[in-house]
Amino acid sequence: MKVMIRKNAAGELTAYVPKKDLEEPITECQKPELWGGVVTLANGWRLELPEMPSDTRLPITVEARRLEEG
């Protein structure tokens, strides 16, 4: 699914899913550089992000995979 990753005005990372009209803060990152790992959103969704260079500029739209809960 397409996901836009950006920083909000407070400097927090957020994920926006256009098809669901959903924007949630990223509360947990598997990898400190964000890319190539799993992130957890405030609503509990877990998304696997693609591998990208750690200095990738935000905002950016990527193809992420939503992982099953549980």
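Residues numbered from 1 in each chain as written. Predicted model: local features only at pLDDT ≥ 70, side-chain atom pairs only at ≥ 80, totals over all residues. Heavy atoms only, no water.

Trainee: Looking at this model, I keep getting lost on the sheet that holds strand β4 (residues 38-41). Mind explaining?
Mentor: Across a sheet, paired strands are connected by hydrogen bonds in the backbone, their directions being either parallel or antiparallel. Ordered in space as β6-β1-β2-β3-β4-β5-β7, the 7 strands form an open sheet in which the pairing is antiparallel. Every interior strand has two partners, whereas the edge strands, β6 (60-63) and β7 (65-67), have only one. Taken over all neighbouring pairs, the strand axes of this sheet differ in orientation by 40 degrees on average, direction set aside. Here strand β1 (residues 2-7) runs beside strand β2 (residues 13-17); their pairing, made up of 4 bridges, is antiparallel. Of the residues in β2, the one forming a bridge with Ile5 is Ala15. (Pairing = 2+ DSSP bridges. Helix = DSSP H or I, 4+ residues; strand = E, 2+ residues; numbered from the N terminus. Axes fitted to C-alpha atoms, helices over the stretch in contact; angles between N-to-C directions.)

Trainee: What should I look at first to understand unusual backbone geometry in this one?
Mentor: Comment: phi is negative for the bulk of residues other than glycine, and the bulk of peptide bonds are trans. Cis peptide bonds are those with omega within 30 degrees of zero, and the linkage from Leu58 to Pro59 qualifies with 0 degrees. Along the chain, Pro59 falls in the loop between β5 (46-48) and β6. Phi at Asp21 takes a positive value of approximately 45 degrees, unusual for a residue other than glycine. Assignment of secondary structure puts Asp21 in the loop between β2 and β3 (22-29). For Leu34, which is not glycine, the phi torsion reads 80 degrees and is therefore positive. Note on placement: Leu34 falls in the loop between β3 and β4. Its relative accessible area of 6% is what places Leu34 among the buried residues. (Buried < 20%, exposed > 50% of the residue type's maximum accessible area, 1.4 Å probe, protein only.)

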